[in-house]
Amino acid sequence: MQLSNEEEDYNLSLSKFESMLKTNKVLFFDSEEFEEIILHYLDMGKAALAKKALKLALEQHPKSTGLKLVQVEMLVYDDKLELAEKLLNELYAIEPTNEEIYIQKANICSKRDQHEKAVEMLKIALQYTDDYADVYNLIGMEYLFMDNLEMAKESFIKCLEEDLEDQSALYNVVYCFEFLDQNQEAIAYLNKYIDQNPYSEIAWHQLGRLHYGVKEYENAIRAFDYATLIDDEFLGAFMEKAKAYERLKKYAEAIESYSRTIELDDATSYALLRMGKCYEKLGNKVLALKYFNQTVHEDPLLDKGWIAITDFYVRQKNYQKALFFVNKALAIDNQNRLYWKRFATINKQMNFFEEAELGYRKAVEFGDYGLDTWLFWVDILQFLGEFESAIQTLLQASEYFPEENEVEYRLAGLYFMIGQNTKAKFHLSNALRLNFDNYILLEDLFPVVWTKKMVQNYIAKYKK
């Protein structure tokens, strides 16, 4: 690739400066060269070299306003705000119409969390600048710091009106629209922007993301297609397109897009996992399992990969293997209620009731308050003969489900089992009131209780 004359001069200046440092020879640079050298080192995070360059620069050009403004920038960078402010006031007395002075004053205000004052300074800078886009961008950032997303959005839009190619402003304007929950307005804005700048792959990608967010998957795919036509190595667009195809249940097309992301970069565990799920949806179990295995090989600490294999074997009713893999996931995240519930369900299927009880207990402990989880747990406690624990668990469940007939029928049955007939009748009465027809639960879960004449009479009496 051929370098432009400017780039060649810039690289030459850098080489010349670094050569000077090595030989201790003092060479002459004009002030603009020095500015570029200093800013280069600042951008690279090489503050010591930037300071050395600034010292030499000011020795050679002691009256250069440009270099003094760079000095201000470095003082601000080092949080020496009072010194920076003093120097700016001196420069203001000499050049009151230099926009950079107001930009640096705004920078100091921003550092002090005086964002409204920073905006005032930047508005003055607008009167003297030729680079409106840059100043509007800075104003937008100050409004972001103030959480004034509406004004930030307006500033970034003005920035883009001045410079269509400003990618950071484009990302920021979309962020503002999304934060304000104005997705349709954002889509309309991006369509107008694309009319002016049709070859912006960033704009097409953001448009696709927004369509995806409002579940317009066909439109999302169309936008991602344009993004990848403009840049056929746009990894993010291929990934998002694959997700949109999945939403439309077009699994073969999704696999194709995920495969492209793997061609462009090292395979990610996410892409491999999604490809496995797509192959499973297509009924190709061999390839599904292959990609799930590749997922955990690529990232052994990705619990979602182990869970995908767990679920695969559960669907095949191969509970022995499912148990092995769910334990792998729990070894990575042992506070995940969904994993504990899977652990419980698998153990229950294998008639390992004590382990199943542990699984349901842990699931609830880590926040699974679904009715089915409580009931599965209680039914296993009852099966294990732990009636008192089952009752205590149901009383806990009743705090979340105070009017649930399945809880009340179970409480009635358990109280009858331990001979507390008064409490049993109270809960049976509640259960019958909530759903009379479900009394069959007593027969299913508590056959011994069901045969009691007292229970039969109570139900018959309630029916009348």
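Provided above is the structure to which this section pertains.
Presented here is a report on the structure given in the accompanying data block. This structure is a prediction, so every number in the text was calculated from the model and none was measured.

Attention now goes to the layout of surface pockets. The calculated volume of the largest pocket comes to roughly 340 Å³. Forming the boundary of the largest pocket are 17 residues, of which Glu 100, Ile 103, Gln 104, Asp 134 and Leu 138 lie nearest the centre. Mapped by element, the contributors of at least two residues to the lining of the largest pocket are α6 (99–111) and α8 (132–145). When residues in the lining of the largest pocket are grouped by element, the largest group, seven residues, is from α6. Tallied by class, residues from the lining of the largest pocket come to seven nonpolar, four polar and six charged.

Here we take up the side chain of Gln 382. Among the structural elements, Gln 382 can be located in helix α22 (residues 371–383). A polar contact is formed between the side chain of Gln 382 and the backbone oxygen of Leu 445, at a distance of 2.8 Å. If we skip the residues at most four places from it in the chain, Gln 382 touches Phe 387, Ala 390, Leu 414, Leu 445 and Phe 446.

Quick look at the state of the cysteines now. When the sulfur atoms of two cysteines share a covalent bond, that bond is a disulfide. Counting across every chain of the model gives zero disulfides. Of all cysteine sulfurs, the one in Cys 159 lies closest to Cys 176, which takes part in no disulfide; the gap is 12 Å. Note on Cys 176: relative accessible area 0%, which makes it buried.

Their axes nearest at 8 Å, the elements helix α14 (residues 235–247) and helix α15 (residues 251–264) cross at an angle of 160°. Viewed along their axes, α14 and α15 adopt a mutual orientation that is roughly antiparallel. In the crossing of α14 with α15, the sense of the turn from one axis to the other is left-handed. Seen from α14, the contacting residues are Leu 235, Phe 238, Met 239, Lys 241, Ala 242, Lys 243, Tyr 245 and Glu 246; seen from α15, they are Tyr 251, Glu 253, Ala 254, Ser 257, Tyr 258, Arg 260, Thr 261 and Leu 264. Taken together, the residues that form the contact of α14 with α15 break down as nine nonpolar, two polar and five charged.

Okay, the packing of aromatic side chains next. Centre-to-centre distance and the angle between the planes together describe a pair of aromatic rings. This model, assessed by the stated rule, comprises 21 aromatic pairs. Seen in terms of ring centroids, Tyr 439 and Trp 450 are 5.8 Å apart; in terms of plane orientation they differ by 10°. Their pairing is stacked. On the criterion of sequence distance, the pair formed by Tyr 439 in the loop between α25 (421–434) and α26 (440–445) and Trp 450 in helix α27 (residues 447–450) is long-range, its members being 11 residues apart. Judged by its relative accessible area of 24%, Tyr 439 falls in the partly exposed class. By relative accessible area, which is 17% here, Trp 450 ends up buried. Three or more aromatic residues link up through ring pairs in this structure, and these residues are Phe 292, Trp 306, Phe 312, Tyr 313, Phe 324 and Phe 325. The lysine or arginine in question, Lys 243, covers the ring of Tyr 212, its NZ or CZ lying 5.8 Å from the ring centre. The ring of Trp 306 is capped by Lys 328, whose NZ or CZ atom sits 5.1 Å from the centre of that ring.

Attention now goes to the pattern of salt bridges. The full count for this structure, using the stated rule, is 16 salt bridges. With a shortest N-O distance of 2.7 Å, Glu 150 and Lys 153 are connected by a salt bridge. Taken together, the residues Glu 150 and Lys 153, both in helix α9 (residues 149–162) and three residues apart, mark about one turn of the helix. With a closest N to O distance of 2.8 Å, Asp 311 and Arg 342 form a salt bridge. Taken as a pair, Asp 311 in helix α18 (residues 303–315) and Arg 342 in helix α20 (residues 337–349) lie far apart in primary sequence, 31 residues in all. A relative accessible area of 25% places Arg 342 in the partly exposed class. Each of Lys 341, Asp 368 and Asp 372 takes part in one network of salt bridges that share partners.

Criteria and thresholds
Residues numbered from 1 in each chain as written. Predicted model: local features only at pLDDT ≥ 70, side-chain atom pairs only at ≥ 80, totals over all residues. Heavy atoms only, no water. 1 Å grid on protein atoms, 1.4 Å probe; cavity = no way out; pocket = protein on both sides within 12 Å on 5 of 7 lines; lining within 4 Å. Points joined across faces, edges and corners; volume = space filled by probe spheres on them. Helix = DSSP H or I, 4+ residues; strand = E, 2+ residues; numbered from the N terminus. Nonpolar A, V, L, I, M, F, W, Y, C, P; charged D, E, K, R; others polar. Polar contact = N/O pair within 3.5 Å; in protein donor to acceptor, adjacent residues only side chain to side chain. Contact = heavy atoms within 4.5 Å. Disulfide = S-S within 2.5 Å. Buried < 20%, exposed > 50% of the residue type's maximum accessible area, 1.4 Å probe, protein only. Axes fitted to C-alpha atoms, helices over the stretch in contact; angles between N-to-C directions. Parallel < 35°, antiparallel > 145°, perpendicular 65-115°, else oblique. Left-handed = near helix turned anticlockwise from the far one by under 90°. Phe/Tyr/Trp six-rings, centres within 6.5 Å; stacked < 30°, edge-to-face > 60°. Lys NZ or Arg CZ within 6 Å of the ring centre and 35° of its normal. Salt bridge = Lys/Arg side-chain N within 4 Å of Asp/Glu carboxyl O.

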